[in-house]
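# Inside the fold
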Amino acid sequence: MKEDNGVSRRSLLKSGIAALATATAATGYAAGSAQAADRQTDRGSSDRSSSNPGPRNSALQEQNTDSFQPPSTDHGDTPAFKYSFSLSHNRTYKGGWARQVTVRDFPISKDLAGVNMRLTAGGIRELHWHVPAEWAYMIYGAARITAVDSQGRSFVQDVGAGDLWYFPSGVPHSIQGLSPDGAEFLLVFDDGAFSEFDTFQISDWMAHTPRSVLAKNFGVSEAALRPIPERELYIFQAPVPGALESDQRAAGREQVPTPYFFSLRAQEPARKTRSGEVRIADSKNFAASISVAAALVRVKPGGLRELHWHPNADEWQYYVSGQARMTVFAASGRARTMDFAPGDVGYVLRSTGHYIENTSDSDLVFIETFKSPYYQDISLSQWIAHTPPELIAQHLHIDMQTLAAIPREKAVVVPL
Ligand code: MN
Ligand code: MN
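No experiment lies behind these values; they were computed from the predicted model shown. (Residues numbered from 1 in each chain as written. Chains lettered and ligands numbered in written order. Predicted model: local features only at pLDDT ≥ 70, side-chain atom pairs only at ≥ 80, totals over all residues. Heavy atoms only, no water.)

## Digging into the coordination of the manganese ion (ligand 1)
Donor atoms from the polypeptide that coordinate the manganese ion (ligand 1) comprise His128 (NE2), His130 (NE2), Glu134 (OE) and His173 (NE2), at 2.0 to 2.2 Å from the metal. When the donors of the manganese ion (ligand 1) are listed by position in the chain, the intervening gaps give H-x1-H-x3-E-x38-H. With His128 in strand β5 (residues 124–129) and His173 in strand β9 (residues 173–177), this residue pair connects regions lying 45 residues apart in the sequence. (Donors = N, O, S within 2.8 Å, 3.2 Å for Na, K, Ca; no water. Helix = DSSP H or I, 4+ residues; strand = E, 2+ residues; numbered from the N terminus.)

Structural data, given as structure tokens:
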């Protein structure tokens, strides 16, 4: 999926908070104006307390306006729930690259870790396995994935943008970029402490086993095993593979009974309004994915992913396109707002309340993932609408007419 990137346009804005405020107002889109209004309730745009005469990282500050000038409703010491792949060390090879966001860089993200990987056409992520399960979303291009389960059943499949895969814990697999331009994808692991740079590679194991034992194990001569590499390959360039059918035939034998592949792009949205839509993949429709549930959300400019929480799991987010702000309510008067751009990662602790607002003039697309076999959320509107209205009025002091207007059904993306 190739998405318009709103950041490049906005990053053209000259530095300086006054210039930023003027420019944000000038773009005129609803969400940007709303952001400014949230801040002005306290201080007003000409208040000198919003100046910043000292040193600053202008590019970073412009992308994080809700940190420097938070809405007046933010309060307290809620820990940061944003990191970016743009800050991650990138491991580069002929054939591709990989970078990760784990609990080591992003302390809040204990349940899930993410990897962003690029493979050229023919580029191979070496045959390997690891302890956590691997859930994946194809961002761009095409790739061929392979796996073999504990009963020797094989899996070989081509995947394109908008497709998912899931490799269960310990199942060995590989990924290879296809023509014309390889692939870029997101991997999510069901353990925040996972490291992509510490996995079991086929070449590494061979290199650290006595040749005589390898020869005995495979029933071949030691001389025949001499070409095996002396160290792991991890990512390397190779020719583009041939037809899928011939690779499937060659892998042979029985196929895995529950496919490790799911086409999310081919799914009808689980919910759709005039302002956006959500597609959900969990073990109900993607049977193999027993430890990771996911939602792909699209929100039109100015639109809102409604106020909600997830009773069953923490949420690990990846921003694909557009720009957003999210406020997380963490109880005891604590709330914090942060801003997100493509390539950023967000993390929301289980049961903490939040919304995601599109603050750009293009579609906002992001992925929600959960360490759970099923997707679940609780909508604030739906809760209010299905509670006796007098009881709600006694809490919130709002009139019956206003209460009656609150949507009775979960919209996911509020229709504007
Ligand atoms: Mn893997
Ligand atoms: Mn959520």
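## A look at the sheet that holds strand β14 (residues 271–273)
Read across the open sheet, the seven strands follow the order β1-β21-β18-β23-β16-β15-β14; overall the sheet is antiparallel. One side of each edge strand has no neighbouring strand; the edge strands of this open sheet are β1 (82–84) and β14. With direction set aside, neighbouring strand axes in the sheet form an average angle of 20°. Pairing analysis gives three bridges linking β1 to strand β21 (residues 344–348), with the strands arranged antiparallel. Note that in β21 the partner of Tyr83 across the bridge is Val345. (Pairing = 2+ DSSP bridges. Axes fitted to C-alpha atoms, helices over the stretch in contact; angles between N-to-C directions.)

## Some points on the environment of Ala313
With respect to the helices and strands, the residue Ala313 is situated in the loop between β17 (304–309) and β18 (315–321). Ala313 sits 56 residues away from Thr369 along the chain, and the two C-alpha atoms are 9.3 Å apart. Ignoring anything within four residues of it in the chain, the contact list for Ala313 reads Arg350, Phe370, Lys371 and Ser372. (Contact = heavy atoms within 4.5 Å.)

## Overview of the environment of Gly177
Relative to the helices and strands, Gly177 resides in strand β9. According to the relative accessible area criterion, Gly177 is buried, its value standing at 0%. Beyond its immediate chain neighbours, meaning those up to four positions away, Gly177 contacts Leu119, Thr120, Ala121, Gly122, Gly123, Ala142, Ala143, Gly182 and Pro241. (Buried < 20%, exposed > 50% of the residue type's maximum accessible area, 1.4 Å probe, protein only.)

## A look at the coordination of the manganese ion (ligand 2)
Donor atoms from the polypeptide that bind the manganese ion (ligand 2) are His308 (NE2), His310 (NE2), Glu315 (OE) and His354 (NE2), placed at 2.1 to 2.2 Å. Counting residues between consecutive donors of the manganese ion (ligand 2) along the chain gives the motif H-x1-H-x4-E-x38-H. Of the two residues, His308 and His310, neither departs from the other in class, the shared state being buried.

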